[in-house]
Every structure is written in structure tokens, then in C-alpha cells.
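Each chain is listed here by its residues.
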Number of protein chains: 2
Amino acid sequence: MGKMASEAFFVVVVVAAAAAVVLANALPVRSERGGVEKDEVNIWPMPAWVSHGRGHLYMSNDFVLSTEGSGYGDASGILKDAFHRMLAVIKLDHVVDANFSALHDQPLLQGLRIVISSPKDQLQYGIDESYKLMVPSPEKPAYAHLVAPTVYGALHGLQTFSQLCHFNFTSRVIKVHMSPWTIIDQPRFSYRGLLIATSKMKDGIAVKLPIFMDTSRHYLPLPVIRKVIDSMTYAKLNVLHWHIVDTESFPLEIPSYPKLWNGAYSTSEQYSVADAAEIVSFAQKRGINVLAEIDVPGHALSWGTGYPSLWPSKDCQQPLDVSNEFTFKVIDGILSDFSKIFKFKFVHLGGDEVDTSCWTTTPHISKWLKKNGMNESQAYQYFVLRAQNLALSHGYEIVNWEETFNNFGNKLSRKTVVHNWLGGGVAQQVVASGLRCIVSNQDKWYLDHLDTTWQEFYANEPLTNITNLKQQKLVIGGEVCMWGERIDGSDIEQTIWPRAAAAAERLWTPYDELAKDPRQVTGRLAHFRCLLNQRGVAAAPLAGQGRAAPEANRGCFW
Amino acid sequence: MGKMASEAFFVVVVVAAAAAVVLANALPVRSERGGVEKDEVNIWPMPAWVSHGRGHLYMSNDFVLSTEGSGYGDASGILKDAFHRMLAVIKLDHVVDANFSALHDQPLLQGLRIVISSPKDQLQYGIDESYKLMVPSPEKPAYAHLVAPTVYGALHGLQTFSQLCHFNFTSRVIKVHMSPWTIIDQPRFSYRGLLIATSKMKDGIAVKLPIFMDTSRHYLPLPVIRKVIDSMTYAKLNVLHWHIVDTESFPLEIPSYPKLWNGAYSTSEQYSVADAAEIVSFAQKRGINVLAEIDVPGHALSWGTGYPSLWPSKDCQQPLDVSNEFTFKVIDGILSDFSKIFKFKFVHLGGDEVDTSCWTTTPHISKWLKKNGMNESQAYQYFVLRAQNLALSHGYEIVNWEETFNNFGNKLSRKTVVHNWLGGGVAQQVVASGLRCIVSNQDKWYLDHLDTTWQEFYANEPLTNITNLKQQKLVIGGEVCMWGERIDGSDIEQTIWPRAAAAAERLWTPYDELAKDPRQVTGRLAHFRCLLNQRGVAAAPLAGQGRAAPEANRGCFW
């Protein structure tokens, strides 16, 4: 052990120099070691650049956070809270005992020094999420050193640091192995999302998979949503797409039109405005934006429970009545209330799977269509564009599901981000037209497709057939979707994980030889899955379908 | 609302008088209302005696704990911590707003007054777990009133109180409905257990169900064990049976024989002595005893990883070598170390599924058998009885699996509790012989039997065919068993719940017309399952096999 330690210090010098060179080097390059040797670098998602040694370090029992020399004041306590969450997560409830004899003559890490250049900590789309982590610090070997332009980059650095630390039963303290570490990291895409549905069935899937023909839909309790948000941070996902409202339920309070809340499942399965604001604040403190969705004009039947005049008629209840000015008043009211809670740059307006037949079969609407010289598809376009203008008037940029693009892409606001879901190959058409795109093709990135393996999630490449650099930039990222048909508080975690983590690395890590082939990363992802279990997240094993039970193995780690 | 409130006060008076009478009445009787009307009393497990009104109360935003006049000092903070856990659990992360206008002129509950007569708070088998809860207090209508002989009775009272409270979206505060409440409660059995295995495959099951023919076994991380313990308190279970060691793994540190730890799955999947002590303390603070098991002489192959001489031979590795004095030295050392951590009155010595063929096929052991004039079954008896004496010498009473009773019941220490698992009908033989019994018949109470429904768990009656009162007292309770073949941190919660809750009511609630027929309690158990989900426990739905995905429904509550 003593020998190992001295080796460690030797390597520090060498790598510190190397790191200096690297820091000067703008283009992140990959360590030859990083991620290649399965049992070595078990960091998920794999950072852009990794270098490590062969030594080890132990953490002092009073491992402290130091922000001296930082331009960031942490007035909101984001950094302090994250630091203490990290300590709890690496201790995993083990009893740490720094007086344990095995620590005799070992180098101790006294703390983590964090330097953040930007004093601001407003979270928003496109902020700099990069960070540099050195363990130990070349200047102060008794400290680890984390440098980041923003606190949100630092949060990612803390997550990476937590994956270098393990409770060691020989020393009874936290051990950092393979030190010294130099990690220079930044995400490949700015939008790395997970969709949760608190009211939803997806007809497209219902048609595709008989198992989803039921009309189930499930509320998610606040503690469940919070735990999902915490687990997202472990995989460096940064957008929670909250599909709040749908055909079956309207769980969120809308002060402007309070009767919309009558569409909730029950008086126990609702979210108040204050609840939603708390979720947004909880997510923001963890570097996660919340993308709120109201899906119009389809998937909105539940709106009529409180305001029946939003239905074409009692017998034909969706899509929303395009001929009724009140419909757009309500959308305007919802977006006005949204703008007070959901501070993310984007709002999602849905627009998918619209069956407009109710419009022609309902006399007063078909009369209105004739009067305005519109057919059904023109009315669908009219509705979507008018909703877009309302969103723009509240300062939002817009996300719409791809059907809007497929039907009248050239008419969409240039501030539209097209959300792909039907299949592959859509992104290249979207970016060719100059619009931005989020990739969620259901054949690869729908978590409720239990037969889609983690390898398929991992292999799904958002930039397929997009070679033009300018067009590549228009693919702002991707999102895995956890629709709610067979999901509630009882099975959401193991349906999301570990497959969402496979997509998370695709969205975070450079798409090069080290993060391309699922066969090369199986052991590392299996290790991350065990890490999630250790942290109390019910991530399913890699083998078998989504949320399969564990198979025979020699424990979780091997 | 105003009207409701005034009604509430009217009923308070009436029931306060009634309650006084009831309190004077030693024999708990059941309310005609209790549990009969599905949508009314949603308390799980159903208390021994329930009376309620038609009013409602709101909790003040600064709802306080008061222990004035209590003989109990709460020096260890058990009560204070439990009170704050309860507040968190009933708020469910909702934003409470006591200034919300709907509260205008409503009666507010200012706090909960708890009076505990015993100053001691040492948890042990057989302590008084009863409590009386009145909401509001007849004397102080602004307070709820909880009376209990011990702090552990009070903990159960807090759990019951939490089930009377619901966040109310109209008032934005916690609402107690159907007040006034008078609940007089105590458990039917003193031993209400849940087994978890951190190393185990159960050959009996392997033979029974091909799906369990694999040799899988899974470590449970400390955060997972803690969450299981917290969830047990919601159902008023009071014993965690920790099946620590088995054929495949020896995860627990044993200072007396440190190499035993070499039998752990990996260096990440271990428990230090300090970890185990922390788990015991965590459980004790929640009123839960930890029953530690070392299963001998079978299911002990992993012991030989560190001490090969415990194996009959390299090729024939279990059961433990009966002819080797070192074997009993090690057992003595383990029990000595156990006695410092596990303060429960009982230790579990296993004794199940012993295939002794290795003893006769191994020359030095068969020679030893001849020398001592023993055949295989006599040697099995010799081993079990010698282990029992070692446990007794460390101050433990003993629990053994039923094979020991089935083979030489009349030889067992009279301090033995026989643990039934093979099938029904065993308990009556055990208690007829004057020994105590714990019921866990695998056809009804094994949670890893996914095809056993909650209705079968609920209908399993420990006192079947035991009419003699003295013999009935010898059935100290029952236990549901969560063997680890297909279980790890990813699926343990939904495999345990809600079926363990069905057994929990059988063990807690008087077996009378109100808690006999599963059809009468379906709605109430479904409500409890939703409550578990709201609290972040991944309890599976009632329909379908164990841990089935949710079916179509209108949300969780209906």
C-alpha cells in the first residue's frame, strides 16, 4: 500500500504536466486508456477526456468543500447542497471510520476545491456544462480540484467525482482508486431529455403493441418525480419533459381556468401550482430544466370535464373545438400560467396524432370550416400555428411533435424545434429545412417498448446521415420517452434504468471508437447499473427485456 | 364546509363521551363501522377497535409534538424523529399553505399530544405495542391525543394517525377526515416478520420451481435495506429476519474469524460490523427487531472460502465438517460477535435442507462417525443441538427451521422456536409438543412465489386447527419470506408489497368477520398500496402475479 501511494505521487507529477498541456489544448482528445479496459475506468457516461494513474487516495473523514478564489458565491446554496448529496451518495450509509488502523501513513484527501468563473447561476438551455476535474490537485495535492465556467458544469463534475470514490472495507473510509485523475469533460448535445407522462396513453403505441391497447394512464406522486430527477443527474441528463396533461387526465392546477382541474383522476392525484413550482425549483438546483407540455389539439379530451364547450360535442369530444374562440382563450390562459412556473426557454405544444373527423361531423364546426374555406388539414394547421403564436407571445420558443412538420413544416415558426418520434430519418429532413430537431424515434428510444434492448438504445445515433456541420448543430439533442400506460410508482425506475443511461452516454460522450460499440461498454454499464442500485435506484439488470428480474450472477459487481 | 365543521364539533361531544366509555372498557370491541364500508375507514392494518364521525379537521402549519405529562423522556429522540418522519410522509412533498383562504373559520389541529407511561425504551420481543388514539382529544379539542404504555406502541399510533391524514387541494393543508376518531389498538401476534436474504438461494424452491434452478443470489445495499425497514413500519411489521449468510456468500464481517469475510461476492458487496450495528439501531428506532441467522450445518459452503478446513473436503464442500472441533469454535466465535450487535432475544440457527452425504463419503468424517457410533441423521442432530447450546451460552433463545423439529423435535432445547416453512399443519404439531412456532408455510407466505396472490397471503391463518388457548399462545406469530434468487435492489420492493401487507393485517388484526374475507378488504388494501406508492415505495398493484405491471385504471385511488 505504502508503495502504491508513493507511486501515486510520482504519477501526479507526470500527469499534472500532461494536464497542463491538455488544459491549453482547446480540442478535447481522448485518453488511450479511457473506457477501453472494462475493469478500469468505470465512469458513466464516459467523459470526453480521461487520464488516470495507478495510485490511490483516501478521503478524510471531514472532507470539505472549498470555493476560495471562485467567482461564484453560491448564495442559493446549489453547490453546497450538491456537495452534501454527493458525500451521502458515496458513503452509501456505510460507517466511515477515519481512525481505522489501515489508514496508517496513507495520504488523505482533505477536501474538494471548486472554482467557478461565472457568478450567475440561472439555468437555461445551452449554458456551458463543461468542467475539469483533477484528483489530486497538482498545486494542492491534499485537495481535489474542480474547475467549471458555471455551477451546472460543476454539478456534473461532482457526479463524475462520486464515481471515482468507493467505500473501502479494508480502510473503512472512502477510497479514490487509480489516482491521479485528470478529466476534461463537456456534453456532446445541449438537450438530453427524459419524458415522463402523468396522464398519458400513446395511441401510436396502442396501435403498434396490443399490450398497450388498454386506456391506462397513471399519476406520479411527487416523491417519485423527485427521485426520477435525482437519478437523472447520475447519468447527466438535463431536461425533464413533463407530459402533464392528456386525454384521460388534467392533474395540474390552472388558476386562469380553475375548472380544468376537474379533469384530474381523483382529489389525491393532482398537482397544485405550488407543487409544480417546487418540482421546477428542485430540478433547477440539480441542473435539470423542466419542459412542460400541453398537447393540442388532440390528446386533450380531459379539458372538457371542466369546460364541455371545448369539446366539439358531448358525443365527439376531441380534438379541441377549432371553431370556438374560447378554446384559444383557454390555451392562452394555460400558457400565461405556465410562464409563471416553467422558466425553460421552450414549451411543448404537442400536435401529434390528431384525428380531425369530429370537426367535419359536428355541424357547427363543419359550418365554420366552410365559412372560413378550410378543410380538416388546413384547420389542423390553423390550430397549431395559432397555438404557436400564443406561445411566442408569452416569450416561449416552441417544441412540436413531428406530425406538424410532416404536414406543414414550411409554415411552422422558425422558432420551432421539431420533436421526432415516429421513426428514424426524420431528423435529417428537419435540419435540412433549417429547423432544429430533438430525436426520440420510438423504435429505439421509447422506454415503454420493453422489447427494445439497452444495446439498441446505445446504438441509436442522432446524427445518422447528417454530415453538414451546420445541419448537425440543428440537432439539439435527444430524449428517451417513458409513456405511462403500464407505469406508475411501482415500476417506473426499473423501466427507465439502465436503458435511459445507454442513451445518456450517446448524448453526452463523443461518438468515437470508445463509445460506439455496445459490446465494448457492457461491463461499464453493468457497473453503473449496480451503482444505481447501491444508491437506492431500482435499475433493472442489463440482460433480458426492460425491467426484467435479475438473472443468476456472482453478485452485482464482477 | 362551514356546516361540515359545525357538525364535526357536534359529533366530537357525542363520541368523546362514547370514547370515555370505551377507554374504560378493557376488552377491545370492533366498531360496526370499522372496515366495513370500503370508502370509509382506509386504515391498514385495520385496528382492533375503530370509531369515527362525519366531521373534518385541518392541521395547523406548525403542527407540534407535545409530550407533557408523559413518563417518557425521549432522551434517544425516537419519538421526535418518528414524529418528523410522519409529518414528511403525510405532506408527500406537497406545498402546505395555512394562509389559504379556504381555511377561513375552520378548526385547526395545533398538535399531537403523546403520553407514554413507561420511561424505558428498550425494544425487545413481547413488549406492549398497544396504543389509544383520539382525534381530537376530548379534553383538548385543538390537539390529537395518543396514549401508549411504550414508545413502540406510540410509533404504531403515529403510523395510524398518518393514515387518517391527507393533503387537501382545496384547503392546501393536511386534512383529517371523518373526525372525531377513537382508535384502540394492539397486535394479535407479538412476532410479525419479514425475511430478507443477502446471500441466498433456497434449494427447496429450486426443486419446486424450475425458474429458481439458477444459483443466483444477491447482495442488498444498505440504502435498500433501510428503505425496506421504513416500509415495514407502515404495515406495523416488527421483525426483520436477516438471512445474512448462505452457500454462495458470506457478506458480514466476523472479527473473531476475519477470513470468513473472504466469502463475500466482491469488495463492494460486504457489511462491516459497524454497518450491521447501524442497521440494527436504525431498525430499533422504528420499533423493529433484527433476527440474525446463520444457517448450519447446511447452506454454509461460503464459510470455507476463508477456512477450507470447514469443508468436509475440497470436492465435497457442505455441510460443515461435523467431525472438526474448529467448526464449533467458529460457530461460537460468530455467535459471540453476533451477541455484541444483535440484541434481539432470538438468534436463528437455520438447520434446514441438510444433505449429509458428504459426511459419509469423506473418509475422515465417516471414520469419526463410526468412532462415535453415529449415523448421518444422528450426526445432524448432534450438530444442531451443539449449535443450540452455543447460542444458549451466549444468552440467546433459538429459532430453527422445521426440519430440526421434524427429525428430533423432542431433543430440541425447550427454548427453541420452530420456524415452519415446508407446508401447512406443522404449527399444530409444534405447539402440541409444547414448543413455540413461527408460521411461514411456503405455499402461502413465500414472496418469491410470484404466483401466490395477495388473497392467499391474506387468507393464511396461523391458528388453523389450533383451538386450545394455551397452544394458541405458543404460536408467537408469522413471517413472510423474501428469498433472493430473482431479487435485488431493482425489484425487491414490488415483490414484497402489497402481498406482505396482506400477511401483516392477518398478524395484527383480530381474526373476526371484519378481517377474514379478502373480498371485503380489496378496496382498502388497494388504497394502502396507493399510499405506499405516494410515499415512494414501489408497491405493485393487487391484480396479477407478484410485481405485475399496473393494469388500466382511473388513476390509483378510486
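What counts and how
Residues numbered from 1 in each chain as written. Chains lettered and ligands numbered in written order. Predicted model: local features only at pLDDT ≥ 70, side-chain atom pairs only at ≥ 80, totals over all residues. Heavy atoms only, no water. UniProt positions renumbered as here; feature names shortened; annotations may be inferred. Buried < 20%, exposed > 50% of the residue type's maximum accessible area, 1.4 Å probe, protein only. Helix = DSSP H or I, 4+ residues; strand = E, 2+ residues; numbered from the N terminus. Arc of directions from axis to C-beta. Contact = heavy atoms within 4.5 Å. pLDDT = per-residue confidence, 0-100. Least-squares fit on C-alpha atoms with pLDDT ≥ 70 in both. Disulfide = S-S within 2.5 Å. Salt bridge = Lys/Arg side-chain N within 4 Å of Asp/Glu carboxyl O. Buried area = accessible area lost by both parts, 1.4 Å probe. Polar contact = N/O pair within 3.5 Å; in protein donor to acceptor, adjacent residues only side chain to side chain. Nonpolar A, V, L, I, M, F, W, Y, C, P; charged D, E, K, R; others polar.

Where an unreviewed UniProt entry is consulted, chain A appears under the name Beta-hexosaminidase, with the organism given as Theobroma cacao. Listed under Catalytic activity (unreviewed entry) in UniProt, the entry text for chain A is "Hydrolysis of terminal non-reducing N-acetyl-D-hexosamine residues in N-acetyl-beta-D-hexosaminides." Quoted verbatim from the Sequence similarities (unreviewed entry) field of the UniProt record, the comment on chain A reads "Belongs to the glycosyl hydrolase 20 family."

Draft legend 1. How the structure looks around helix α9 (residues 363-371) of chain A. All names here are of chain A. Those residues of α9 lying buried are Ile365, Ser366, Trp368 and Leu369. Along the long axis of α9, the arc covered by the buried residues comes to 155 degrees, so they all point the same way. Along α9, the residues that are exposed and aim more than 90 degrees away from the buried face are Pro363, Lys367, Lys370 and Lys371. Tucked inside the fold, the buried residues of α9 contact α8 (357-361) and α10 (376-393). Among the residues trailing α9, glycine 373 stands out with phi positive, at a value near 60 degrees.

Draft legend 2. Spotlight on the confidence of the model for chain A. Residue and element names in this part refer to chain A. Within chain A, residue pLDDT values average 88, and 88% of them lie at 70 or more. Confidence drops under pLDDT 50 across residues 1-39; counting only partners more than four residues distant or on other chains, this segment forms 64 contacts. Across the whole predicted complex the pTM is 0.91, and at the interface the ipTM reaches 0.89.

Draft legend 3. Examining the relation of the copies chain B and chain A more closely. By a simple turn and slide, chain B fits onto chain A: the slide is 0.0 Å along the axis, the RMSD is 0.0 Å, and the turn is 180 degrees. As the rotation angle and translation indicate, the two copies are arranged about a two-fold axis. Among all residues of chain B, the minimum C-alpha distance to the rotation axis is found for aspartate 491 of chain B, at 4.3 Å. Same-surface contact between copies: 98% of interface residues of chain B are shared with the interface of chain A.

Draft legend 4. Region of interest: the state of the cysteines. Residue and element names in this part refer to chain B. Enumeration according to the criterion identifies four disulfides over all chains in this entry. Each sulfur of the disulfide joining cysteine 316 and cysteine 358 lies 1.8 Å from the other. When the S-S torsion is -90 degrees, as for the bridge of cysteine 316 with cysteine 358, the disulfide is left-handed. Here cysteine 316 is found in the loop between β9 (289-293) and α7 (325-341), whereas its partner cysteine 358 is found in helix α8 (residues 357-361), with 42 residues between them in sequence. The same class applies to cysteine 316 and to cysteine 358, which are both buried.

Draft legend 5. Here's a closer look at helix α17 (residues 499-508) of chain A. Burial runs high along α17 of chain A: ten of the ten residues are buried. Along α17 of chain A, the residues classified as buried are Arg499, Ala500, Ala501, Ala502, Ala503, Ala504, Glu505, Arg506, Leu507 and Trp508 of chain A.

Draft legend 6. View of the pattern of salt bridges. Residues and elements named next belong to chain A. One pass over the full model with this rule turns up 38 salt bridges over all chains. Of the charged contacts in the structure, one is a salt bridge between aspartate 230 and arginine 286, with a shortest N-O distance of 2.8 Å. Taken as a pair, aspartate 230 in helix α5 (residues 222-234) and arginine 286 in the loop between α6 (273-284) and β9 (289-293) lie far apart in primary sequence, 56 residues in all. Put simply, glutamate 397 and lysine 345 hold a salt bridge, and the shortest N to O gap is 3.7 Å. Here glutamate 397, found in strand β11 (residues 397-401), pairs with lysine 345, found in the loop between α7 (325-341) and β10 (346-348); they are 52 residues apart in sequence, far enough to count as distant. For glutamate 397, a relative accessible area of 14% gives the class buried. With relative accessibility at 28%, the residue lysine 345 sits in the partly exposed group.

Draft legend 7. Expanded view of the interface of chain B and chain A. Taken together, the contacts link 59 residues of chain B with 58 residues of chain A. For the pair chain B and chain A, the two sides together bury roughly 4500 Å², of which 50% comes from carbon and sulfur. If you look at where chain B meets chain A, you find six salt bridges. Two residues, aspartate 488 of chain A and arginine 529 of chain B, come together in a salt bridge whose shortest N-O distance is 2.5 Å. Counting across the chain B and chain A interface gives 14 residue pairs in polar contact (both at pLDDT 80 or more). The set of elements that each furnish at least two residues to the side of chain B that touches chain A consists of α5 (222-234), α6 (273-284) and α18 (518-534) of chain B. If one sorts the elements of the side of chain B that touches chain A by residue count, α5 of chain B sits on top with five residues. In terms of residue class, the side of chain B that touches chain A is built from 23 nonpolar, 17 polar and 19 charged.

Draft legend 8. Inspection of the environment of arginine 226 of chain A at higher detail. For arginine 226 of chain A, the position within the fold is in helix α5. Judged by relative accessible area, which is 18%, arginine 226 of chain A ranks as buried. Separated by 16 residues in sequence, arginine 226 of chain A and tryptophan 242 of chain A place their C-alpha atoms 12 Å apart. Once residues lying within four places of it in the same chain are set aside, the contact partners of arginine 226 of chain A are Glu278, Ile279 and Phe282 of chain A together with Asp93 of chain B.

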